[in-house]
Amino acid sequence: MKFNGYLRSDGKVGTRNYLAVIPTSICSATVAFNIASQIPQAVALPNQHGCCQIGADHEQTINTLIGLGKNPNVAAVLVVGLGCEGVPIDKVAKNIATTGKKTETVIIQECGGTLKATEKGIKIAAKMAREISLIKAQEFPISELCLAVECGGSDFTSGLASNPAVGVASDLLIEAGGTSILSETTEFIGAEHILARRAKTPMIGEKIISLVQNCELRAKQLNVDIRGGQPTPGNIAGGISSIEEKSLGCIYKAGNSPIQGVLVYAETPKEKGLYIMDTPGQDIESITGMLAGGANIVIFTTGRGTPTGSPLAPVIKITANSETYSKMFDNIDLDTSSIISGGKSIDQVAKEIFQEIIDVASGKLTKAESLGHKEFGIYKIAPTF
Amino acid sequence: MQKRAVVINLKDNVATAVADLSAGSQVSFFLGQDVEQLTLNNHIPLGHKFALKDINRGEEIIKYGESIGSSIISIQKGDHVHVHNIQSNRGRGDRG
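In this text, all values refer to a predicted model and were calculated from it rather than measured experimentally.

Secondary structure assignment for chain B yields zero helices and nine strands. Helices (α) and strands (β) of chain B occur, in sequence order from the N terminus, as β-β-β-β-β-β-β-β-β. Expected size for 96 residues packed as a compact globule is a radius of gyration near 12 Å; at 13 Å, chain B falls within 12% of this value. Its C-alpha atoms give chain B principal-axis dimensions of roughly 50 × 25 × 20 Å. Sorting the 96 residues of chain B into buried and exposed places 36% on the buried side. For chain B, long-range pairs separated by at least 24 residues make up 46% of all intrachain contacts whose partners lie at least 6 apart in sequence.

Listed below in structure tokens is the structure:
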């Protein structure tokens, strides 16, 4: 099976052809936004961090920004820096440029303020937009797809229907030689032993267990009950009673394929197949991490309904709650409630989801894209100083 | 039979309501290939769980064939099972 995508110099294939305007810190975010707002195909990433961060937290922000620039959905990159922030502007640009994609920088302090930096940025970005418009979509095998699987605003229908159906679709992609990433470590708590059994090697299985132990330890070190935040009030109203119940439903969305490896936040899978990435359960930070790891399309199940989109990838949203589908028709792409009402089997619906993935990968706009949703957030792992 | 509740795994001691079910009503569901029936003691909102058997205080609650927590009081067959009578056993930093 094939989809229409955009070939990059490093051999990867994108489902979209964006010009990414990446601010290295919050201080350059407005200039980046103003530049992108002038240029078709340009998207600015609303980075809230990038300065006064230390240690692993500082490194993670840098790696995430680099990973997002390298994402195959990005054709060219303009890095916009203030000039004095902690994130090294040149290092970010040079690393992104190793993919062979055109990468340039604009530094506000060097240009002499907002107006000059914006002017320079628009000139560069306008030229880039013309250049990348020449990249035409071509047919590629679906093994070039890297699917980020996400769930948010879960209710009882998520574990019962939409997640199992997405899991079968993810297995179909992996059988065809593609890649899927399962994330949200918090939502493995109570289900980690099931994932560990599916690990390709015992060492990968141990890694999965220790990810979850560390996550649980972080909650314990705060001397609080994780139930203060997980499950969310909406999850509880929807019938989910504990993090274990939420997790057992969540992991269905990664199907039954063997787990090839465990990735740190924003890390790229080395091979094809199913991977696990260590991210928080918060949807936006989780998706951002998977996109920085190279995912080129996102599938998102929801029970309560959510508007989530992304600046760098199409996000296909699915619910098995018929009431949510009719109430939030603006936001949800597929209604899979027939699994519960008895009309269709999980396998039938999975085939429809799989076809939707291919259609969207080939350019069909998702509802989130058509409404301009571009939610974005980098996971922080330490306080800002 | 109209599907009004689902038992996911044969080991489960709770079922999930796929319709809003009123207190005192009879509900039928599949347990594997067999059709079982019980009377509900409480209103079970759509998506919420009810007990398939009597569950002692401290006993594990099983859904998806796995533990989703344990009961904090004794629960009767047909009772609503949720955060008022069961608790999570994971991520409990409050337990010291």
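There's more to say after this.
With that settled, the discussion passes to the overall build of chain A. Across its full length, chain A holds 15 helices and 14 strands. Considering only residue pairs separated by 6 or more positions, chain A has 73% of its internal contacts joining residues 24 or more positions apart.

Quick look at the sheet that holds strand β1 (residues 2-7) of chain A now. Spatial strand order, β2-β1-β7 (chain A): three strands in an open sheet with antiparallel pairing. The two strands at the open ends of the sheet, each matched to only one other strand, are β2 (13-14) and β7 (138-141) of chain A.

Once that is clear, we can look at the sheet that holds strand β11 (residues 273-277) of chain A. Residue and element names in this part refer to chain A. Here we have seven strands laid out as an open sheet, ordered β10-β11-β9-β8-β12-β13-β14, and parallel in their pairing. Sheet topology places β10 (259-263) and β14 (334-335) at the edges, where each strand pairs with a single neighbour. Two strands pair when backbone bridges link them, and strand β9 (residues 179-182) and β11 are joined in this way by four bridges, in the parallel orientation. By the bridge assignment for β11, T179 is matched with G273.

Next up on the list: the interface of chain A and chain B. The interface of chain A with chain B comprises 27 residues on the first partner and 22 residues on the second. For the side of chain A that touches chain B, the secondary-structure elements that each account for two or more residues are α6 (156-175), α8 (202-221) and α10 (243-250) of chain A. Looking at the side of chain A that touches chain B, its residues break down into eleven nonpolar, nine polar and seven charged.

Before going further, it helps to spend a moment on the pairing of strand β3 (residues 26-31) of chain B. Residues and elements named next belong to chain B. Bridge analysis of β3 against strand β4 (residues 34-39) gives six bridges, and the strand direction is antiparallel. Across the sheet, V27 pairs through a bridge with L38, a residue of β4. Count of turn residues in the β3/β4 antiparallel hairpin: two residues, of which G32 carries a positive phi of about 70°.

Moving on, we get to the nonpolar core. All names here are of chain A. Membership of the largest hydrophobic core comes to 138 residues, with the highest contact counts inside it found for A20 and V21. The element contributing the most residues to this core is α6, with ten residues. Setting aside anything within four residues of it in sequence, one finds A20 in contact with V43, L45, L68, G69, V74, V77 and L312.

Among the eight residues of α10 of chain A, eight are classified as buried, and the element is accordingly described as predominantly covered. Listed as buried for α10 of chain A are I243, E244, E245, K246, S247, L248, G249 and C250 of chain A. Against β8 (146-151), α6 and α9 (233-237) of chain A together with β6 (60-63) and β7 (66-71) of chain B lie the buried residues of α10 of chain A.

Turning our eyes to something else, we now look at the domain arrangement of chain A. All names here are of chain A. Along its sequence, chain A is organised into domain 1 (18-134) and domain 2 (142-370). Relative placement of domain 1 and domain 2: their C-alpha centres are 29 Å apart. A total of five residues in the side of domain 1 that touches domain 2 trace back to one element, the largest contributor, which is helix α2 (residues 55-70). Along the lines of polarity and charge, the residues of the side of domain 1 that touches domain 2 split into seven nonpolar, six polar and no charged.

Moving on: the pairing of β11 of chain A. Residues and elements named next belong to chain A. With respect to burial, β11 is a largely interior element, four of its five residues being buried. Inspection of the sheet shows β10 paired to β11 by four bridges, in the parallel sense. The residue bridging L263 from the neighbouring strand is M277, located in β11.

In contact at an axis separation of 7 Å, α2 of chain A and helix α11 (residues 283-292) of chain A are set at 60° when each is read in the N-to-C sense. Of the residues in α11 of chain A, those touching α2 of chain A at T64, G67 and L68 of chain A are T288, G289, L291 and A292 of chain A.

Relative orientation and spacing of two packed helices are given, respectively, by the angle between their axes and the distance between those axes. Residue and element names in this part refer to chain A. Where helix α1 (residues 29-38) meets helix α5 (residues 114-132), the closest approach of the two axes is 9 Å, and the angle between their N-to-C directions is 40°. Classified by the interaxial angle, the pair formed by α1 and α5 is oblique. Along this stretch, α1 crosses α5, giving a crossing that reads as right-handed. Where α1 abuts α5, its residues V31, N34, I35 and Q38 lie against T114, A117, T118, G121, I122 and A125. Of the residues assigned to the contact of α1 with α5, the class counts are five nonpolar, five polar and no charged.

Conventions adopted
Residues numbered from 1 in each chain as written. Chains lettered and ligands numbered in written order. Predicted model: local features only at pLDDT ≥ 70, side-chain atom pairs only at ≥ 80, totals over all residues. Helix = DSSP H or I, 4+ residues; strand = E, 2+ residues; numbered from the N terminus. Rg over C-alpha atoms; globule rule 2.2 N^0.38 Å. Buried ≥ 20, exposed ≤ 12 C-beta atoms within 10 Å, placed from the backbone. Contact = placed C-beta atoms within 7 Å. Pairing = 2+ DSSP bridges. Nonpolar A, V, L, I, M, F, W, Y, C, P; charged D, E, K, R; others polar. Core = buried A, V, L, I, M, F, W, Y, C linked by C-beta atoms within 7 Å. Domains from an automatic or database assignment. Axes fitted to C-alpha atoms, helices over the stretch in contact; angles between N-to-C directions. Parallel < 35°, antiparallel > 145°, perpendicular 65-115°, else oblique. Left-handed = near helix turned anticlockwise from the far one by under 90°.

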